[in-house]
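Fold and contact review
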Amino acid sequence: MLLTNLASVALGFVLFVSNVVLPQLLALPRAAGIGLGLTLTAAALILAPSGLAMMAMSPVAGKVERRWGAKPLLIIGAVALALAYGLALIFHAEA
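Anyway, here's the lowdown on the structure attached to this text. Quick caveat, the model's predicted, so the values are computed rather than measured.

Relative orientation of the contacting elements helix α1 (residues 2-27) and helix α2 (residues 40-68) amounts to 135 degrees, with a least axis distance of 9 Å. Taken together, the axes of α1 and α2 lie oblique to each other. By crossing handedness, the relation of α1 to α2 is classed as right-handed. The residues of α2 that touch α1, namely those facing Leu22, Pro23, Leu26 and Ala27, are Leu40, Ala43, Ile46 and Leu47. When the residues that make up the contact of α1 with α2 are grouped by side-chain class, the tally is eight nonpolar, no polar and no charged.

Bringing the side chain of Ser18 into the picture now. Residue placement: Ser18 occurs in helix α1. Other than its neighbours up to four places away in sequence, Ser18 contacts Pro23 and Tyr85.

With 26 residues, α1 extends 38 Å between its outermost C-alpha atoms, agreeing within 8% with the 38 Å of an ideal straight helix rising 1.5 Å per residue. The sharpest bend along α1 reaches about 25 degrees and sits at Ser18. Three or more residues of α1 are buried, namely Thr4, Ser18 and Leu26.

How each quantity is defined
Residues numbered from 1 in each chain as written. Predicted model: local features only at pLDDT ≥ 70, side-chain atom pairs only at ≥ 80, totals over all residues. Heavy atoms only, no water. Axes fitted to C-alpha atoms, helices over the stretch in contact; angles between N-to-C directions. Helix = DSSP H or I, 4+ residues; strand = E, 2+ residues; numbered from the N terminus. Parallel < 35°, antiparallel > 145°, perpendicular 65-115°, else oblique. Left-handed = near helix turned anticlockwise from the far one by under 90°. Contact = heavy atoms within 4.5 Å. Nonpolar A, V, L, I, M, F, W, Y, C, P; charged D, E, K, R; others polar. Expected span 1.5 Å × (residues − 1). Bend = angle between axes of the 7 residues up to and from the residue. Buried < 20%, exposed > 50% of the residue type's maximum accessible area, 1.4 Å probe, protein only.

Spelled out as structure tokens, the structure:
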């Protein structure tokens, strides 16, 4: 149980960092070599679906946790985060 709780804290930190870093990456000017040069409104509209998905999936996560426990849910979440960040890296490199 301790490792599951520590991993949960680590993944929570990763989600927090992504909420800080991703808007900055979207809004940084292209001249900086890393940003996409979007307006803050465009960046917010791009990030809005992730917030809506989190809101929609929270009841599902509760049901999964009650049925199978916290560990499988944590693994599923970690895999989903890794895939999302991997896709973000691939598509950012193509932009």
